[in-house]
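Commentary on secondary and tertiary structure
Listed below are the residues making up each chain.
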Amino acid sequence: MSKVGRPLIYIDWDEVYKLVSYQCTQVEIAHFFNCSVDTLDRRAREELGVSFAEIWARKISLGKIRLRKAAFDHIERGTPGWSTVFNRIDDKLHVFPQN
């Protein structure tokens, strides 16, 4: 008897972690794997025992660290205009901790 339904989509979780660290949204990551966010969530629960939202929330800080490091590198080098660009990024992503 044959199986019914679509074939399972392979999710490379290391690739997911990398995409999250690049500040990709959950929808963008789902598009990368050509599936829905619900599929990613279902697979995360099956394979890792946590929701996709939990994975995303834990790993998003890696992207903020990456942006913060890039900002410091450019500011230390005196790259013209970088502080203005970074301030606009920080307004959206809150890369620098708020006091």
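Rules used in this analysis
Residues numbered from 1 in each chain as written. Predicted model: local features only at pLDDT ≥ 70, side-chain atom pairs only at ≥ 80, totals over all residues. Heavy atoms only, no water. Axes fitted to C-alpha atoms, helices over the stretch in contact; angles between N-to-C directions. Helix = DSSP H or I, 4+ residues; strand = E, 2+ residues; numbered from the N terminus. Parallel < 35°, antiparallel > 145°, perpendicular 65-115°, else oblique. Contact = heavy atoms within 4.5 Å. Nonpolar A, V, L, I, M, F, W, Y, C, P; charged D, E, K, R; others polar. Salt bridge = Lys/Arg side-chain N within 4 Å of Asp/Glu carboxyl O. Buried < 20%, exposed > 50% of the residue type's maximum accessible area, 1.4 Å probe, protein only.

1. Examining the packing of helix α3 (residues 37–48) against helix α4 (residues 52–77)
Look at α3 against α4: their axes get within 8 Å of each other, and the N-to-C directions meet at 90 degrees. Put simply, α3 runs roughly perpendicular to α4. On α4, the residues touching Val37, Leu40, Asp41, Ala44 and Leu48 of α3 are Phe52, Ala53 and Ile55. Tallied by class, the residues present in the contact of α3 with α4 amount to 7 nonpolar, no polar and 1 charged.

2. Quick word on the pattern of salt bridges
Oppositely charged side chains may form a pair once their charged atoms are brought near each other. Evaluated as defined, the whole model comprises 6 salt bridges. For the salt bridge of Arg45 with Asp41, the shortest nitrogen-to-oxygen distance reads 3.0 Å. Residue Arg45 and its partner Asp41 are located together in helix α3, separated by 4 residues, close to a single helical turn. In this structure Arg45 comes out as partly exposed when scored by relative accessible area, which is 48%. Members of the salt-bridge network, linked through shared partners, are Arg43, Glu46 and Glu47.

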